[in-house]
Every structure is written in structure tokens, then in C-alpha cells.
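Summary of structural features
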Amino acid sequence: YLTFEHPAWSKRGNRRSCHSEYCPSQGHNETSSNPIPDCPCENGLRTCYMNENAITTDYFDQVELRPLEDTAGMVWEIVESDTTIGSELVFGSGWHCSSAVSCFDDPLSGGFRVDLNGTDFEFADGSYVVLRGSSAHIRLEVDDEKPKVANLTGSEAEDDKRLLGTHFIPSGAKTLTVSCGGYCGGCTSKLFVQKVGRENPPLSCTEQSYFWPSCENEEPTGVKHDGQGCSDNDECQNGNCTKISGIEAKSCG
């Protein structure tokens, strides 16, 4: 298990703006071009979306860690645990239906935060956040880096089957703060952690011989060994990826 010194949280906004082009806390009562029957506006919000608290926030003191295969117990995936089953929201997720524009700092926006400070862990390679929904938008803040912002319009969202992009978290990061939502929209995540200061082992590979380079209608002029996990500039030697040396591509003029 991973116990947080600073509890993680997930948040969902439960209000909807009268006009999709305004944030829910702006108090804009003018309705959009698609009015909702029997749902009048009050202080810029649809009254038929007021049957529950303005926001729902769940806090997580502890999560379960599941070791990843092929990492020798060095990398773990954060998964739901007994301490999170009673939560209404999923760990590492956020949602709201309030607005089609970016309202990242609006108190009624959705999002989540995970802070690994005070623990022996940091984020590992492969951690990511996915944005979904209609007219969805997301802002990611990793440690002290400049926030990353992404938006997609409603039509683009439909064209992309409501899956709006995957945003990877750099290895070694300690904090992740996300604001996300749409009309409706939100975000989920898959997060991996490793012990602080762990050095990434060299990528493993399986030797696979093939001719390289070659030109169309010509005999192959070279051979190298490559394998899964190696880049185009690497070769597989004794199961490890190493830089290629002394091989130059032939020009196919």
C-alpha cells in the first residue's frame, strides 16, 4: 500500500451553466441556442441541476500498489483498494458538465490531485491522463513545470469517438494536479510509481536479424540486429539495446 502524507482527491462539478460559453460561477443567465424546457436559470445556473451538492469531492489517504510484470518489482500501478471502495468518485479522475469553455479555476470545475511528497515514491514511466467527453478541456500541472492545456470542440470530440487524447506524466515527478471537464467531459488516469531515485534499467530485446539497408529492386546491402524495445539507432546485443556503430545507410537515388 501507498499512504499519502497529503491526501489525494478527486472532484466532480454538479452544476451546469445556463449558457455553454460561460463558466458556471460567472452568473450569466442568458440561455444558449438550445434551451432546456422547464429548467429556468438562476444566478447563471440551470435549476434542474441543483438536486445535490455543488461539488462532490472524495479524499484518498491510501491506495493499493500492484507490481508490474517484467519490472522485477521495481514499478507499481496504483489501483483501487479497500480504503477507496466506499468513495463515490474514482481515484485519479474528474468530471463536470458545466461549460464548453475552459473554466480551470472555477470552483465548480472537476479534476484531481495526487501528491507523492512525503512518500518514498515518484511517478514512473507510462503514467498518463486521458481526456474524454464533448467540448472537453484539461489542464495538467506537474511539479513546478508550466501547465499543459488542451481543448477539443464538440464536433471533434464526436469524430474522435469521445476519446480526446492521452497526456503522459514524466518519470520522476512528485505532484500532479489536473483540472478537467466539458459539456459533459472529464478525465481518468492510469498512474505508475517507483521508488525515488530508481535508475531505469536498459531496455531488453530479442535478437531479430533482417537485411538493412536495401533499395527497391536491389539486393540487401547490410544486416543488423534489432528487437522489441530498441530504437532505430540501437541494436540488440546479449539482450540489451546498444547504439549502432559503423553502419551507414545506402542512398537510394
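Residues numbered from 1 in each chain as written. Predicted model: local features only at pLDDT ≥ 70, side-chain atom pairs only at ≥ 80, totals over all residues. Heavy atoms only, no water.

Quick look at the confidence of the model for the chain now. Chain-level pLDDT for the chain is 74 on average; 68% of the residues reach the 70-or-more range. A low-confidence stretch, residues 153-163 (pLDDT under 50), is modelled with 17 contacts involving residues beyond four sequence positions or located in other chains. Counted against residues more than four places away or in other chains, residues 244-253, with its pLDDT under 50, gives 19 contacts. (pLDDT = per-residue confidence, 0-100. Contact = heavy atoms within 4.5 Å.)

Another aspect to go through is the pattern of salt bridges. Side-chain pairing between opposite charges can occur once the charged atoms of the two side chains come close. For the structure on display, the rule yields 5 salt bridges. A salt bridge links Lys 190 to Glu 77, with the shortest nitrogen-to-oxygen separation between them at 3.0 Å. Placement of the pair is Lys 190 in strand E14 (residues 185-190) and Glu 77 in strand E5 (residues 75-79), with a sequence separation of 113 residues. On the accessibility criterion, Lys 190 (31% relative accessible area) is partly exposed. When the shortest N-O distance is used, the salt bridge between Glu 141 and Arg 139 registers 3.6 Å. Judged by its relative accessible area of 29%, Glu 141 is partly exposed. For Arg 139, a relative accessible area of 15% translates into the label buried. By sharing partners, the salt bridges in this structure join Asp 105, Arg 139 and Glu 141 into a single network. (Salt bridge = Lys/Arg side-chain N within 4 Å of Asp/Glu carboxyl O. Helix = DSSP H or I, 4+ residues; strand = E, 2+ residues; numbered from the N terminus. Buried < 20%, exposed > 50% of the residue type's maximum accessible area, 1.4 Å probe, protein only.)

This paragraph deals with the nonpolar core. Counting 28 residues, the largest nonpolar core has Phe 91, Val 114, Val 129, Leu 176 and Val 178 as the members making the most contacts within it. Of all the secondary structure elements, the ones that give two or more residues to this core are strand E1 (2-13), strand E4 (55-67), E5, strand E7 (110-115), strand E8 (121-123), strand E9 (128-133), strand E10 (137-142) and strand E13 (175-181). Excluding residues that lie within four positions of it along the chain, Val 178 makes contacts with Gly 110, Gly 111, Phe 112, Val 129, Ile 138, Arg 139, Leu 140 and Cys 187. (Core = buried A, V, L, I, M, F, W, Y, C linked by side-chain atoms within 4.5 Å.)

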